[in-house]
Amino acid sequence: DTEVTQTPKHLVMGMTNKKSLKCEQHMGHRAMYWYKQKAKKPPELMFVYSYEKLSINESVPSRFSPECPNSSLLNLHLHALQPEDSALYLCASSQESTGVKLFFGSGTQLSVL
Amino acid sequence: GQQVMQIPQYQHVQEGEDFTTYCNSSTTLSNIQWYKQRPGGHPVFLIQLVKSGEVKKQKRLTFQFGEAKKNSSLHITATQTTDVGTYFCYYGGSQGNLIFGKGTKLSVKP
C-alpha cells in the first residue's frame, strides 16, 4: 500500500465553522506533512510531524491546528477561517522528515465562504 | 539568504519538441528532488539527485545536478501530451526547511 488517503476531497465551510481534515498512511512512514497550495502556486509547507511530534511549524495562524494521534494519522483542525484560506490542502508522508521522497495524498479542496 | 530560481515559469511546446526546466540556487544544495503535478492532481515524485554532477535518466526524462550542486535541470525529449503538467524542484532551504520551486508549467500542443 503506497497511498496517502485524504478526506474529505472537497469541503465548503463558513467562517464560523469548525471542521477537520484527515490524512492516513499505512506505509510505516514516520514523518507526515501538511501543505497548502493556492492556484498556480507551489505547495507551501505548513507543519511537519516527525515520530508523532510536531517538528516544524511554519508560522501558521492558530486557526489551523494540527494533530497526530498516531504514526498513521494526521489531522488538521480548522476554526474561524478566512476566505483567503481557501486552497488545496495536501498531506504528505515520508520515511524520515527531511531530504527524502514525499508521498502526497490527493488533497482536500477547501472553500471558505 | 538562499535564493532558488526555477525557470521558465511557462513553456508551450509542440508535441515532439524537447523541454527543459532549470532550478538555480545561490548556495550549495545537499540534494534536490523533482516532482510533477498534473492539472487537478497532486505532486508525484520523479527523482532525487544527491551527488555532484549526477545524471539520471527515466525513459525520455533526463535529470542533472550541477558539479557545484547549485543547479539542476529536467529535460524531456520528444514531449508527448501525457507530459503536460507543472514540474517542481524541491530542495532544502537555508533554515533546514524544505521548499518547492515556483514550478514550470508545461503545455503540449498535439
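In this report, we go over the structure that sits alongside the text. On a predicted model such as this, the values are computed, not experimentally measured, just so you know.

**So, the overall build of chain A**
Move 1: Across its full length, chain A holds zero helices and 11 strands.
Move 2: Of the regular secondary structure in chain A, the N- to C-terminal order runs β-β-β-β-β-β-β-β-β-β-β.
Move 3: Expected size for 113 residues packed as a compact globule is a radius of gyration near 13 Å; at 13 Å, chain A falls within 12% of this value.
Move 4: Along the three orthogonal principal directions, the C-alpha set of chain A runs to about 35 × 25 × 25 Å.
Move 5: Buried positions account for 46% of the 113 residues belonging to chain A.
Move 6: Looking at chain A alone, contacts between residues at least 24 apart form 54% of all its contacts between residues at least 6 apart.
Move 7: A total of about 5,600 Å² of accessible surface is found on chain A, and carbon and sulfur atoms cover 49% of it.
Move 8: Averaging the positions of the 12 positive and the 10 negative side-chain charges in chain A gives two centres separated by 6 Å.

**Overview of the interface of chain A and chain B**
Move 1: On the chain B side, the residues contacting the 19 residues of chain A number 17 residues.
Move 2: Of the roughly 1,400 Å² buried where chain A meets chain B, counting both sides, 61% is carbon and sulfur surface.
Move 3: When residues of chain A are sorted by the area they lose upon contact with chain B, Pro42, Gly99 and Phe104 of chain A head the list and together hold 32% of the total.
Move 4: Between chain A and chain B we count zero salt bridges in total.
Move 5: The tally of links from chain A across to chain B stands at four residue pairs in polar contact (both at pLDDT 80 or more).
Move 6: When contributions to the side of chain A that touches chain B are tallied by element, the ones reaching two or more residues are β4 (31-37) and β9 (87-94) of chain A.
Move 7: Looking at the side of chain A that touches chain B, the element that brings in the most residues is β4 of chain A, giving three residues.
Move 8: Looking at the side of chain A that touches chain B residue by residue, the class counts come to 10 nonpolar, six polar and three charged.

**Topic: the packing of aromatic side chains**
All names here are of chain A.
Move 1: Under the criterion given, the structure shown has 12 aromatic pairs over all chains.
Move 2: Ring centres of Phe64 and Tyr89 lie 5.9 Å apart, and the angle between their planes is 35°; this geometry places the pair in the tilted category. With Phe64 in strand β7 (residues 64-70) and Tyr89 in strand β9, this residue pair connects regions lying 25 residues apart in the sequence.
Move 3: Residue Phe64 is classed as buried on the basis of its relative accessible area, which comes to 5%.
Move 4: Note on Tyr89: relative accessible area 0%, which makes it buried.

**Quick look at a nonpolar patch on the surface**
Move 1: The grouping of Met5, Ile7 and Tyr22 of chain B at the surface amounts to a nonpolar patch, some 290 Å² of accessible area in total.
Move 2: In this fold, Met5 of chain B is placed in strand β1 (residues 4-7).

**Description of the state of the cysteines**
Move 1: Overall, the coordinates contain two disulfides over all chains when judged by the stated rule.
Move 2: Between the sulfur atoms of Cys23 of chain A and its disulfide partner Cys91 of chain A the distance amounts to 1.8 Å. Looking along the S-S bond of the Cys23 of chain A-Cys91 of chain A disulfide, the torsion reads about -70°, which is the left-handed sense. Of this pair, Cys23 of chain A sits in strand β3 (residues 18-25) while Cys91 of chain A is found in strand β9, placing the two residues 68 residues apart along the sequence.
Move 3: For Cys23 of chain A, a relative accessible area of 2% corresponds to the buried category.
Move 4: For Cys91 of chain A, a relative accessible area of 0% translates into the label buried.
Move 5: A disulfide bridge connects Cys23 of chain B with Cys89 of chain B, and the sulfur atoms are separated by 1.7 Å.

**A few points about the pattern of salt bridges**
Residue and element names in this part refer to chain A.
Move 1: In the structure shown here, the tally under the stated rule is five salt bridges over all chains.
Move 2: The partner of Glu52 in a salt bridge is Arg30, with the nearest N and O atoms 3.3 Å apart. Of this pair, Glu52 sits in the loop between β5 (44-50) and β6 (53-57) while Arg30 sits in the loop between β3 and β4; the two residues are 22 residues apart in sequence, bridging distant segments of the chain.
Move 3: Of the residues examined, Glu52 reaches a relative accessible area of 35% and is grouped as partly exposed.
Move 4: Under the relative-accessibility criterion, Arg30 is labelled partly exposed at 31%.

About the cut-offs
Residue numbering note: each chain is counted from 1, following its sequence as written. A letter from A marks each chain and a number from 1 marks each ligand, given out in the order of writing. For this predicted model, a pLDDT threshold of at least 70 governs which residues receive local features, and a threshold of 80 or more governs which side-chain atom pairs are given and counted, while totals over whole chains, interfaces and linings are taken from all residues. Side-chain measures were taken over the full set of non-hydrogen atoms in the model, leaving aside hydrogen atoms and water. Helix numbers and strand numbers start at the N terminus; a helix is a DSSP run of H or I with at least 4 residues, a strand a run of E with at least 2. Here the radius of gyration uses the C-alpha set of atoms, whereas the globule reference equals 2.2 Å times the residue count to the power 0.38. Exposed residues in this analysis have more than 50% of their type's maximum accessible area, buried residues have under 20%, and partly exposed residues fall in between, with area computed by a 1.4 Å probe over protein chains only. Contacts are residue-level and defined by heavy atoms, with any inter-residue pair within 4.5 Å sufficient. Surface exposure here means Shrake-Rupley accessible area, sampled with a 1.4 Å probe, where a residue is shielded only by the protein chains that are shown. The charged-residue count follows a simple rule in which Lys and Arg add positive charge and Asp and Glu add negative charge, with His and chain termini not counted at all. Charge coordinates come from a single atom per side chain, which is NZ of Lys, CZ of Arg, CG of Asp or CD of Glu. Here the quantity called buried area is the total loss of accessible area, with a 1.4 Å probe, experienced by two parts when brought into contact, counted for both. Here a salt bridge means any side-chain nitrogen of Lys or Arg lying within 4 Å of a carboxyl oxygen belonging to Asp or Glu. Any pair of nitrogen or oxygen atoms within 3.5 Å is treated as a polar contact; in protein, a donor-acceptor pairing is required on top of that, and neighbouring residues in sequence qualify only through side-chain atoms on both sides. In the scheme used here, Gly and all other residues not listed as nonpolar or charged are polar, with Ala, Val, Leu, Ile, Met, Phe, Trp, Tyr, Cys and Pro taken as nonpolar and Asp, Glu, Lys and Arg as charged. When two rings of Phe, Tyr or Trp (its six-membered ring) have centres within 6.5 Å they constitute a pair, described as stacked for plane angles under 30 degrees, edge-to-face for angles over 60, and tilted for the intermediate range. Only residues whose relative accessible area exceeds 30% and that form no salt bridge are eligible for patches; like-charged ones are grouped when within 9 Å, while nonpolar side chains (Val, Leu, Ile, Met, Phe, Trp, Tyr) are grouped when within 5 Å. Throughout, disulfides are identified as pairs of cysteine sulfur atoms within 2.5 Å of each other.

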